[in-house]
Amino acid sequence: MEKSTGTYDVIVAGGGPAGATAASYLAKLGYNTLVLEKSHFPRHQIGESLLPSMMPILSDLGLSETIEAENFPKKTGGTFIWGKSKDPWSVLFSTNPFLPHSHAYHVDRAKFDKILLDNTRVLGADVREGEGVKSPIVEDGRVVGVISECDDGTQHEYRAKMVIDASGRASVVGRQVTNRTFDPKMKQVAFYAYYDGVKGPDDPEQDGHVIVESHPKGWCWYIPVESEDLGEVSVGIISGQEFKEEYSKMGPEAFFESCIDDLPYLKKMLGDKAKRVSSVDSITDWAYSCDRMAGEGFILAGDAACFLDPLLSTGVSMAMLAGYSAAVTVNTIFKEPEIEERALEFYGGNYQRMWDVTRDFLHYFYAGNASAYPEDMFWKARSTLQLGDNVGARQAFCFLVNTIPGNPHPALRKQIHMFTQFMDNMEHPVNEFEEDEKLQELAQNKKTDYATFDELTSDAIPLVNGEIASSFQIDGDSQTLKPVVGITYDENRPIFSSSASWLLGRNIHELDEEALAVLEYLNGSHTWSAVVAEYASKEDLGLGAAEARLKQVIQPLCEENIVLLRRPAGNVQASRAVAG
Ligand SMILES: Cc1cc2nc3c(=O)[nH]c(=O)nc-3n(C[C@H](O)[C@H](O)[C@H](O)COP(=O)(O)OP(=O)(O)OC[C@H]3O[C@@H](n4cnc5c(N)ncnc54)[C@H](O)[C@@H]3O)c2cc1C
């Protein structure tokens, strides 16, 4: 074994979207960064339909114009033949108030990933292709470097202060230092191929959409990639382990074609002249996550940390956001080594939460189509993925039914709107939500239960709209994690708001010390007069002076809905009677 050594600030294993993003930011920040990529780019990769949450990263890395110039088709939303109705229904990015852009792209990953990785080199990282990581070097429980292996079999040893594993499913460091657990309910398989001569959807609004249609054995994707090398359209069939014997016997092509026969909308979009221009490839599509996303000396990002079913096209965007978040975490640790443990915990905790919630939404989504095929094995198995199966879906619904009526933060009303877009199209019994009067009132911006600050009376009950918490926030100027104390008003933000907020930290509204001290008095059960009396006695003030000071602090917080003033019960009835 030929051995040479080198020392870096950071080693990144894998040059896909997660690795290239992490290394690009770190190189830009001036760190001595080594990227070891096992293959040679361009290399084919599945995962062609992207989400808008990665667009700000392209812009940060100076790639917006380069990507635009590639003429990748613009993705404006998704169309589903799924759930209650056999008619297609769409979700548009432009109607989602939390998304940073109203479009993303459908990309040929070989091209897209190469642009990202080449740019990493331009930004100053030492990028080596054809040199893979063989194993991490672990000393006293800390990852301190890696052993690599080149195409010709030569091996090298490199050391670094931090190692980022972005080696995709290989998870070359993650596998050695963490445990990977699979979601037993999401063991699926994908078959995919490319087509030319495709007719396309009849509705021009669907031109830029990923189109998803369910079939008795699973579902299919239709992605207009418009690639000279691959073909015009990528078509994939997702099916389950339940059919292993069948597809093993038939072979991938025959199985793929037989599923297409059961997909009327897809067949119509392909049209009579469509020609398959590739073989049918297959890949397992199992949901998994590592029990730790970061630890002493290492961070896992992208598929190396976790993977989710492609139904919601989350893979690449999550990988890039994880890459960014990993770079910020490493930068923080280098600047403030004493907070390493907390920073890594923050990274891992957010990532795990994002995975849990997205996974739960996927369960919800699958179960929402189950009765379309009540007799078919794939869907029977997934019909048991009920709401409440995991914390995220349960949270989402508790949130809608219980929390929101007491929590009319503007962000949450937008959530209701977005969530109902999905909910309305699922087969789950949603009547109880639709008929929830308070929910409807809130969605329509009526707040009969709550008073504005101008209407503050002595018997109104002030309550804090969220939890006081100490956390981190990304400071975009210094690209570090900044400790903050404030209100996490949407800590349990259900789903689909923006994967970015999950990965980059909970939405926390920072508060100054005076505001935090005042909020301690608002426990959600004391009336305003009781709060004033308690504050006056503790601060040794007269009632008038205490009230004036309290009002000064809570007025802006009321205006931002951080503090809510619950009307006394009598007033609610009165206002309903007037409204009726
Ligand atoms: C069927 C299917 C459909 C999908 N569809 C979509 C979709 O429509 N949209 C979407 O966003 N996502 C989709 N995905 C998910 C997407 O493919 C991944 O989430 C995404 O590629 C993750 O990026 P990454 O950088 O983490 O890993 P990768 O893209 O896998 O990159 C990892 C890199 O590490 C390299 N590597 C491997 N081992 C080593 C090693 N030992 N040392 C060094 N380098 C190594 C690899 O060569 C590779 O270049 C789909 C996935 C599947 C299975």
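Above this text is the structure in question.
Thresholds applied
- Residues numbered from 1 in each chain as written.
- Predicted model: local features only at pLDDT ≥ 70, side-chain atom pairs only at ≥ 80, totals over all residues.
- Heavy atoms only, no water.
- Near = heavy atom within 4 Å.
- Polar contact = N/O pair within 3.5 Å; in protein donor to acceptor, adjacent residues only side chain to side chain.
- Helix = DSSP H or I, 4+ residues; strand = E, 2+ residues; numbered from the N terminus.
- Axes fitted to C-alpha atoms, helices over the stretch in contact; angles between N-to-C directions.
- Parallel < 35°, antiparallel > 145°, perpendicular 65-115°, else oblique.
- Left-handed = near helix turned anticlockwise from the far one by under 90°.
- Contact = heavy atoms within 4.5 Å.
- Nonpolar A, V, L, I, M, F, W, Y, C, P; charged D, E, K, R; others polar.
- Expected span 1.5 Å × (residues − 1).
- Buried < 20%, exposed > 50% of the residue type's maximum accessible area, 1.4 Å probe, protein only.
- Salt bridge = Lys/Arg side-chain N within 4 Å of Asp/Glu carboxyl O.
- Pairing = 2+ DSSP bridges.
- Core = buried A, V, L, I, M, F, W, Y, C linked by side-chain atoms within 4.5 Å.

### What about the site of the ligand?
Next up, step 1: Around the ligand sit 36 residues in total, of which Glu37, Gln45, Ile46, Ser49 and Val316 are the nearest.
Next up, step 2: Contact between the ligand and Val316: an oxygen atom at 2.8 Å from a main-chain N or O atom of the residue.
Next up, step 3: Breaking the shell around the ligand down by element, the ones donating at least two residues are α1 (17-28), β2 (33-37), β8 (131-139) and α9 (315-335).
Next up, step 4: With 3 residues, α9 is the largest single contributor of residues to the shell around the ligand.

### Here we look at the packing of α1 against α9
Next up, step 1: Remark: α1 packs on α9, axes separated minimally by 7 Å, with the N-to-C direction vectors making an angle of 30°. One way to sum up the angle between α1 and α9 is to call them roughly parallel. α1 and α9 meet at a crossing whose hand is right-handed. Residue-level contacts link Pro17, Ala18, Thr21, Ala22, Tyr25 and Leu26 of α1 to Val316, Ala319, Met320, Gly323, Tyr324, Ala327 and Val330 of α9.
Next up, step 2: Residues that form the contact of α1 with α9 fall into these classes: 11 nonpolar, 2 polar and no charged.

### Some remarks on helix α4 (residues 109-122)
Next up, step 1: Helix length check: α4, at 14 residues, gives a terminal C-alpha distance of 20 Å against a target of 20 Å (1.5 Å per residue), a fit within 8%.
Next up, step 2: Of the positions making up α4, those classed as buried are Arg109, Ala110, Phe112, Asp113, Ile115, Leu116, Leu117, Asn119 and Thr120.
Next up, step 3: Residues of α4 that are buried sit in contact with α1, β2, α2 (55-60), α3 (64-69), β7 (126-129) and α9.
Next up, step 4: One side-chain oxygen of the residue at the start of α4 lies 3.0 Å from the amide nitrogen of Ala110, identifying that residue as Asp108.

### As for the environment of Lys74
Next up, step 1: Along the polypeptide, Lys74 turns up in strand β3 (residues 74-75).
Next up, step 2: Placed 133 residues apart in sequence, Lys74 and Asp207 show a C-alpha to C-alpha distance of 9.1 Å.
Next up, step 3: Setting aside its immediate chain neighbours within four residues, Lys74 contacts Glu68, His103, Ala104, Tyr105, His106 and Gly208.
Next up, step 4: A distance of 2.9 Å separates the side chain of Lys74 from the side chain of Glu68, its partner in a polar contact.

### Focus on the pattern of salt bridges
Next up, step 1: Going through the model one piece at a time under the given rule, you end up with 24 salt bridges.
Next up, step 2: Glu129 is the salt-bridge partner of Arg121, the closest N and O atoms lying 2.9 Å from each other.
Next up, step 3: With relative accessibility at 34%, the residue Arg121 sits in the partly exposed group.
Next up, step 4: Taking the shortest distance from any N to any O, the salt bridge between Arg159 and Glu157 comes out at 3.5 Å.
Next up, step 5: Arg159 gets classed as partly exposed once you look at its relative accessible area, which sits at 28%.

### Some words on the sheet that holds strand β21 (residues 461-464)
Strand pairing within a sheet occurs via backbone hydrogen bonds; the two strands may be parallel or antiparallel.
Next up, step 1: As summarised here, the arrangement of the 3 strands in space is β20-β25-β21, forming an open sheet in which the pairing is antiparallel. Single-partner strands in this sheet number two, and they are β20 (450-451) and β21.

### Regarding the nonpolar core
Next up, step 1: The biggest cluster of nonpolar side chains holds 133 residues, and the ones touching the most others in it are Leu58, Trp82, Phe112, Ile164 and Tyr366.
Next up, step 2: Apart from the residues lying within four places of it in its own chain, the contact partners of Phe112 are Leu50, Met54, Leu58, Ile67, Phe72, Val107, Val316 and Met320.

### Describing the packing of helix α18 (residues 528-539) against helix α19 (residues 543-559)
Next up, step 1: At a minimum axis separation of 9 Å, α18 and α19 run at an interaxial angle of 110°. Judged on the interaxial angle alone, α19 and α18 are roughly perpendicular. Both α18 and α19 take part in a crossing whose hand is right-handed. Mapping the contact onto sequence places Trp528, Val531, Val532, Ala533, Tyr535, Ala536 and Glu539 in α18 and Leu543, Ala546, Glu547, Arg549, Leu550, Lys551 and Ile554 in α19.
Next up, step 2: Per-class residue counts for the contact of α18 with α19 are 10 nonpolar, no polar and 4 charged.

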